[in-house]
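Structural features, examined
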Amino acid sequence: MYWMYAMIGLALVGLYYFQNNDQTRQVDWTEFEKAALAGDVEKISVDMSNAQAYGFLTEAGAKKLKFDMQPGFEGQKKIETTIPSPDKISDKIEGWNNALVAQGKPTIKVSFEKGSDLMRIFWAFGPILLIFLGWYFISKRMSGGGAGGGIFNVGKSKATVFDKGNGTNVTFKDVAGLAEAKVEIEEIVEFLKNPQRYTELGAKIPKGALLVGPPGTGKTLLAKAVAGEANVPFLSISGSDFVEMFVGVGAARVRDLFKQAKEKAPCIVFIDEIDAVGRARGKNPSMGGNDERENTLNQMLVQMDGFGTNNGVIILAATNRADMLDKALLRPGRFDRQIYVDLPELTDRMEIFNVHLRNIKVSSAIDIEQLARQTQGFSGADIANVCNEAALIAARNNKNQVEWNDFMGAIDRIVGGLEKRSRIITDEEKFSIATHEAGHATVTWMLQYGNPLVKVTIVPRGRALGAAWYAPEARQIIPTQALLDTMCGLLGGRAAEDVFTGQIGTGASDDLERCTKMARSLVMMYGMSPKIPNINFNDSSGQEYGFTKPYSEQTAELIDSEVSRIVNEQYERAKQILRSYAAQHNQIRDLLIKNEVIYHDDVKKILGPRQWKSRTDEIMELNRKEETKIADEFKSEHPALPSSGGQSSDTGSDDDGTPPPFNK
Ligand code: ATP
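Quick caveat: nothing in here was measured; it's all calculated off a predicted structure. (Residues numbered from 1 in each chain as written. Predicted model: local features only at pLDDT ≥ 70, side-chain atom pairs only at ≥ 80, totals over all residues. Heavy atoms only, no water.)

Glancing now at the overall build of the protein. Of the regular secondary structure elements, the protein holds 23 helices and 14 strands. By residue count, 42% of the 664 residues in the protein fall in the buried class. Considering only contacts in the protein between residues 6 or more positions apart, those separated by 24 or more positions represent 76%. Counting every atom, the protein has about 35600 Å² of accessible surface; 53% of that belongs to carbon and sulfur. (Helix = DSSP H or I, 4+ residues; strand = E, 2+ residues; numbered from the N terminus. Buried < 20%, exposed > 50% of the residue type's maximum accessible area, 1.4 Å probe, protein only. Contact = heavy atoms within 4.5 Å. Areas by Shrake-Rupley, 256 points an atom, 1.4 Å probe, with all protein chains shown as cover.)

So, about the environment of T220. Examined against the element boundaries, T220 turns out to sit in helix 8 (residues 219-229). Along the sequence, T220 and F270 sit 50 residues apart, while their C-alpha atoms lie 9.1 Å from each other. Residues contacting T220, with those up to four places away along its chain left out, are F270 and D272. A distance of 3.3 Å separates a polar atom in the side chain of T220 from a polar atom in the side chain of D272. (Polar contact = N/O pair within 3.5 Å; in protein donor to acceptor, adjacent residues only side chain to side chain.)

Applying the stated criterion to the full structure yields six aromatic pairs. Ring centres 6.0 Å apart and planes at 10° place the aromatic pair W29 and F32 in the stacked group. Placement of both W29 and F32 in helix 2 (residues 29-37) is noted, with a separation of three residues, approximately one turn of the helix. F32 shares its class with W29; the two are buried. A ring pair is formed by F32 and W96, whose centres lie 6.2 Å apart and whose planes are at 50°; its orientation type is tilted. In this pair, F32 sits in helix 2 while W96 sits in helix 4 (residues 89-103), placing the two residues 64 residues apart along the sequence. Under the relative-accessibility criterion, F32 is labelled buried at 1%. Taken together through their ring pairs, the aromatic side chains of W29, F32 and W96 make up a single cluster. The lysine or arginine in question, K43, covers the ring of F56, its NZ or CZ lying 4.7 Å from the ring centre. Across the ring face of Y54, the terminal group of K78 is positioned such that the distance to the ring centre comes to 5.3 Å. (Phe/Tyr/Trp six-rings, centres within 6.5 Å; stacked < 30°, edge-to-face > 60°. Lys NZ or Arg CZ within 6 Å of the ring centre and 35° of its normal.)

Taken together, 18 residues sit near the ligand, with A176, K219, T220, L221 and N320 positioned nearest. Here an oxygen atom of the ligand and a backbone polar atom of A381 are 3.4 Å apart. Protein contacts shield 79% of the accessible area of the ligand, which totals 630 Å² for the unbound molecule. Taken together, the elements giving at least two residues each to the shell around the ligand come down to helix 8, helix 13 (346-356) and helix 15 (380-396). Here the shell around the ligand spans two domains, since at least three of its residues come from each of domain 3 (155-340) and domain 4 (346-415). (Near = heavy atom within 4 Å. Domains from an automatic or database assignment.)

A few words now on the pairing of strand 3 (residues 52-57). Burial analysis of strand 3 places six of its six residues in the buried class, the great majority of the element. Residues Q52, Y54 and F56 point to one face of strand 3 and A53, G55 and L57 to the other, with burial holding for every one of them. Where strand 2 (residues 41-47) lies against strand 3, six bridges are found, and the strand directions are antiparallel. Directly across from I44, in strand 3, lies its bridge partner G55. Here strand 2 hands over to strand 3 after four residues, with A51 in that stretch at a positive phi of 55°. In the sheet, strand 3 pairs with strand 4 (residues 77-82) via five bridges, with the strands oriented antiparallel. Counterpart to F56 in the pairing with strand 4 is K78. (Pairing = 2+ DSSP bridges.)

Let's shift gears to the side chain of E33. As for its position among the elements, E33 is in helix 2. Polar side-chain contacts of E33 include one of 3.3 Å to the side chain of K92.

Read from one edge of the open sheet, five strands run 1-4-3-2-5, paired in mixed fashion. The sheet is open, and its two borders are formed by strand 1 (23-26) and strand 5 (109-113), each paired with just one other strand. Within this sheet the neighbouring strands show an average axis-to-axis angle of 25°, counted without direction. Contacts between helix 4 and the sheet are confined to strand 2 and strand 5, with strand 2 contributing the most and set at about 175° to the helix. (Axes fitted to C-alpha atoms, helices over the stretch in contact; angles between N-to-C directions.)

Summed over the entire model, instances satisfying the criterion amount to 21 salt bridges. In this structure, E553 and K549 form a salt bridge, with 3.9 Å as the shortest nitrogen-oxygen distance. For the residue pair E553 and K549, the accessibility class agrees, reading exposed in each case. The closest approach of N and O atoms between K575 and E572, which form a salt bridge, is 3.9 Å. Highlighted residues: K575 and E572, both in helix 20 (residues 553-580), separated by three residues, approximately one helical turn. Residue classification places E572 among the partly exposed residues on the basis of a relative accessible area of 42%. A cluster of three or more residues bridged by salt bridges with shared partners is formed by E184, E187 and R337. (Salt bridge = Lys/Arg side-chain N within 4 Å of Asp/Glu carboxyl O.)

The predicted model of the protein has a mean per-residue pLDDT of 80, with 83% of residues at 70 or higher. Least confident of the elements in the protein is helix 23 (residues 615-637), whose mean pLDDT is 62; most confident is helix 20, at 95. In this model, residues 145-149 is a region of pLDDT below 50 whose contacts with residues beyond four sequence positions or in other chains number three contacts. (pLDDT = per-residue confidence, 0-100.)

The subject of this paragraph is the packing of helix 18 (residues 480-501) against helix 19 (residues 509-524). Here helix 18 crosses helix 19 at 155°, and the two axes come no closer than 9 Å. Here helix 18 lies roughly antiparallel to helix 19, going by the angle between them. The handedness of the crossing between helix 18 and helix 19 is left-handed. Residues L483, L484, T486, M487, L490, L491 and R494 of helix 18 form the contact with helix 19, whose own contacting residues are D511, L512, R514, C515, M518, A519 and L522. (Parallel < 35°, antiparallel > 145°, perpendicular 65-115°, else oblique. Left-handed = near helix turned anticlockwise from the far one by under 90°.)

So, on to the sheet that holds strand 7 (residues 208-212). Taking strand neighbours across the sheet as the criterion, the six strands line up as 6-8-9-10-7-11 in an open arrangement whose pairing is mixed. Of all strands in the sheet, those bounded by a partner on one side alone are strand 6 (160-162) and strand 11 (337-340). The mean inter-strand angle of the sheet, taken between neighbouring strand axes irrespective of direction, is 20°. With four bridges joining them, strand 7 and strand 11 adopt parallel strand pairing. Counted as the bridge partner of A209 is R337 from strand 11. Together, strand 7, strand 9 (267-272), strand 10 (313-319) and strand 11 form the strand contacts of helix 6 (residues 179-193), whose direction differs from that of strand 11 by roughly 145°.

The following block contains the structure:
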């Protein structure tokens, strides 16, 4: 496009100069004849087809006729006139030449030209053509330059169509884990292939299914696999493709999409990131309502379950934010099924590693089970990233296969960001960072619900100057004490600075933020504070209270005082623990300053085994056994996997039954 613009611009500039260099003046026939007879014209060029004559002036002639003789205005100076009769012009010029000879002046040279038809056509139609070209380019740009472009196609849907036998090259085999979601999705494909099986019993074919889950868990991948495997046409579009700057375009595109789908039925339509159009409609349209988006949504509601029927069209949609979607969109009859695609469990993670390590040259000592254990809380996309990052690290170190350390480096990098060893840190700062991190480690170790520690580091990574990494326990319901313990652990860093250096620093702001938020949720969401018990001031739908607070000023004060009380109590508790274990804390701090990174086992040597072998630990022990059993079953079903028991992880697994992934 830019080349085109540049060329048009250049042509215009060229034309401008071409026109301006030659100074031409239109004169009438009498004046032309007068100039010729006065000897001011040295050459005449006659354009026969145009009946025009051009008289090229001598210098004296140009001066006499007051042409601009400035140095900047060089070029030919000529006069132009329409000739009375092309047949008789040569006789006329001959007459002038005779008269000039008689006066002793030089004669006029003559040339006859036919004139280029092309040039004439260009001059006649060029400007109109330019206008049309400009309009065409602008309209193309407005329609996003998309396929079929043009301003008239702006209301056409931009769905990518995968026809029968022409799907994506992703299959269900590429989607690891997600067993339940896969079953549901495969059933949808089945509905389209064998509808009679269901309709014979009187069942209605579902109209749509919504894939909901955190980012990177494989929703789009699942849909791609459907496109690859379903033997029906598959139309894929993203929610934001409906949005355009013109009013009414979104609705027109929805209509067009469904029209296209009906023509191709039976088929599947996939709308990715449907929250771009499906967000709940506002109650008060004048208050920040978005008419265009709401019109688009209304059109979608009508198309999905309106008067017209869509036999044989199944809509799949994906979103991270099902809570934000309009209730009408979610009701049965539109999206009959909601399929939750959750973060992968241990065995799912093993499968995902297996899929992504297929094309990577890994050392045979890599234990996939250990890798999966190290990556609790990771999504499929994170795991894909770990594999790729590990391969990049190995390549950077000129290895010919990817080893365990590369995977560990990749996981650390993904969780904590890039190591910044080059950041300049003074000895004093290093001491206070080590005191802070050792504080977290010591306090957490001593708490009943403290998450098992994996490692502590004072190497700066990303924005953090140091970090203590824990293996979070997978809890569905969190008791009050667990929240308090977590807060106490978070405050352990600041408390250590306070107790051991007598001077607190800005490094704890992130911990304080998390701790304060937790205390506020404890009071306002979970109703756990004894002074305001069993009341939830939170509005999860985000629609009830608007600008007003659902509590009085007195309650607001009470909430504030409760939050401060809880935080202060935990802070004092952290300080108490640190004072009791001051020697051990200092040992951990010194080891950290010496080694920069210390692991679970180092802390265990200093602080001894954790005193809390709580019920949670026992449950976790059981869970761990169960997980190992599942993992063993998985391995026996997939003999291609490298055997376990190879190299063990740096971070080691906990003897009190802890899966050791990372969480800051
Ligand atoms: P978002 O909601 O952010 O769009 P998503 O759930 O649609 O995320 P995908 O685009 O499907 O996520 O996944 C991103 C990448 O993560 C995939 O291309 C794939 O490499 C990897 N991935 C995610 N889940 C899986 C899985 N279950 N099996 C294999 N690879 C996976």
